[in-house]
Amino acid sequence: MNPAAIDLAVIGGTGVYAFPGLQHARRHRVSTRWGEPSSAIVVGEVEGKCVAFLARHGEGHTLAPHRINYRANIDALHELGVRRVVGVNAVGGIREDMGPRVLAIPDQLIDYTTGRTSSFCDAEGEAVLHAEFGEPYTESLRRGLLEAAHRARIAVVAGGCYGTTQGPRLETRAEIARMRRDGCDLVGMTGMPEAALARERGQDYACIAVVANWAAGCGPDPDAPISLEEIHAHLAAATGQVPAIVRALLAV
Ligand code: HPA
């Protein structure tokens, strides 16, 4: 399949290392001026449409959130001609209706990361781009995902503010309390700078946030420590719904 005709790219997060049912799949090793992307880009067919898949943390989950080369990931997709990107991100839930296994399509974000290279405007002598980012996710793609989930009969929460922290450690309760006061509904480690870089490259971008756990101090038992086993069990169950949403998106 001609990669120039790629209809959609999916960037899989924790628990999503492949796209099930990708037919006639071919692996592309793309190198960019920013370095290597996290994994080979697997391009194949879903619902008769050409789809690219990239494992954000690497196929063996070897890259921590702050070590991911977000620029190489977005630019590699851009070089393959990708114009629409869906990022799948594991998150913790802050708001009462954002408990474990919930899927959400956020509409806002706050960036708490530090020290990540977050722009393509990085070379002397090149024009500086101040990307418009008031609405960090592309509304038409968000709507498309919400309608696709509805057609696939998969419950998703529409909207929410995704706070991106530096990680890889989880947050303190005080940090989450502050994020709640700031208006965050979800907390994760990989939402930024991915969304901003996609905007700089002119790609449509939206996020499927998969709630793995209650964020620190949240939920019905705020004193309970967050267990990794619990995170993995919730993610395994909830990420299983993602391909059906993407299929329904592509089917129209
Ligand atoms: N905090 C930050 N990132 C996360 C969490 C969390 O509680 N759960 C999954 N990713």
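For the structure, see preceding data.
The structure contained in this document is the topic of the report that follows. (Residues numbered from 1 in each chain as written. Predicted model: local features only at pLDDT ≥ 70, side-chain atom pairs only at ≥ 80, totals over all residues. Heavy atoms only, no water.)

1. Quick notes on the overall build of the chain
So the rule is basically this: By definition, any uninterrupted DSSP run of H or I lasting at least four residues is a helix, any uninterrupted run of E lasting at least two residues is a strand, and each is numbered from the N terminus. We take the radius of gyration over the C-alpha atoms and set the globule estimate at 2.2 Å times the residue count to the 0.38 power. Here the term buried applies to any residue with accessible area under 20% of the maximum for its type, exposed to any over 50%, and partly exposed to those in between, with areas from a 1.4 Å probe on protein chains only. Here, two residues are considered to be in contact whenever any of their heavy atoms come within 4.5 Å of each other. By the counting rule applied here, Lys and Arg register as positive and Asp and Glu as negative, while His and the ends of each chain are not counted. Think of each charge as sitting on NZ of Lys, CZ of Arg, CG of Asp or CD of Glu.
If you tally the helices and strands in the chain, you get six helices and eleven strands. Radius of gyration (C-alpha) of the chain: 17 Å, near the 18 Å computed for a compact globule of 252 residues. Structurally, the chain occupies a C-alpha span of about 50 × 45 × 30 Å along its principal axes. For the chain, the residues scored as buried account for 53% of the 252 residues in total. Of the contacts made within the chain by residues no fewer than 6 positions apart, 81% connect residues no fewer than 24 positions apart. Side chains of the chain carry 25 positive and 29 negative charges; the gap between the two charge centres is 3 Å.

2. Describing the environment of Val-252
If you trace the backbone, Val-252 turns up in the segment after α6 (242-250). Taking relative accessible area as the criterion, Val-252 reaches 67% and is therefore assigned exposed. Sequence-wise, Val-252 and Arg-151 are 101 residues apart; in three dimensions their C-alpha atoms are separated by 10 Å. The residues touching Val-252, leaving out its near neighbours within four places in the chain, are Lys-49 and Arg-151.

3. Points about helix α2 (residues 139-151)
Defined as follows: To estimate how far a helix should extend, the number of its residues minus one is multiplied by 1.5 Å.
Given a rise of 1.5 Å per residue, 13 residues ought to cover 18 Å, and the 18 Å separating the end C-alpha atoms of α2 matches this to within 8%. Taken together, the buried positions of α2 are Leu-141, Arg-142, Gly-144, Leu-145, Leu-146, Ala-148 and Ala-149. Those residues of α2 that are buried lie in contact with β5 (84-93), β6 (103-105), β8 (157-158), β11 (204-214) and α6. Arg-153 sits one or two residues past α2 and shows a positive phi near 55°.

4. Focus: the packing of α2 against α6
Counted only if it meets this: In this description, a line fitted to the C-alpha atoms serves as the axis of each element, helices being fitted only across the stretch in contact, and the angle between N-to-C directions of two axes falls anywhere from 0 to 180 degrees. The labels follow the angle: roughly parallel below 35 degrees, roughly antiparallel above 145, roughly perpendicular from 65 to 115, and oblique for the rest. Side-chain classes are defined by residue name, with Ala, Val, Leu, Ile, Met, Phe, Trp, Tyr, Cys and Pro counting as nonpolar, Asp, Glu, Lys and Arg as charged, and the others, Gly among them, as polar.
Running from amino to carboxyl end, α2 crosses α6 at an angle of 110°, the nearest separation of the two axes being 8 Å. As judged from the angle between their axes, α2 and α6 are roughly perpendicular. Contact residues: α2 offers Leu-141, Gly-144, Leu-145, Ala-148, Ala-149 and Arg-151, while α6 offers Ile-245, Ala-248 and Leu-249. In terms of residue class, the contact of α2 with α6 is made up of seven nonpolar, one polar and one charged.

5. Observations regarding the site of the ligand
Stated precisely, the cut-off is as follows: Whether a residue is near a molecule or strand depends on its heavy atoms: if one lies within 4 Å, it is near. Under this definition, polar contacts are N or O atom pairs within 3.5 Å; protein pairs additionally need one hydrogen-donor-capable and one acceptor-capable atom, and for neighbouring residues in sequence, both atoms have to be side-chain atoms. Here the accessible surface of atoms and residues is derived via Shrake-Rupley with a 1.4 Å probe, and residues count as covered only by protein chains that are part of the display.
For the ligand, the full set of nearby residues is Ala-90, Val-91, Gly-92, Leu-170, Glu-171, Val-187, Gly-188, Met-189 and Asn-213. Here Ala-90 contributes a backbone N or O atom positioned 3.5 Å from a nitrogen atom of the ligand. Gly-92 has a polar backbone atom sitting 3.4 Å from a nitrogen atom of the ligand. The fraction of the free accessible surface of the ligand (260 Å²) that becomes covered by protein chains is 93%. At the level of secondary structure, the elements contributing two or more residues to the shell around the ligand comprise β5 and β10 (186-188). Sorting elements by how many residues they give to the shell around the ligand places β5 first, with three residues. Partitioning the shell around the ligand into residue classes produces five nonpolar, three polar and one charged.

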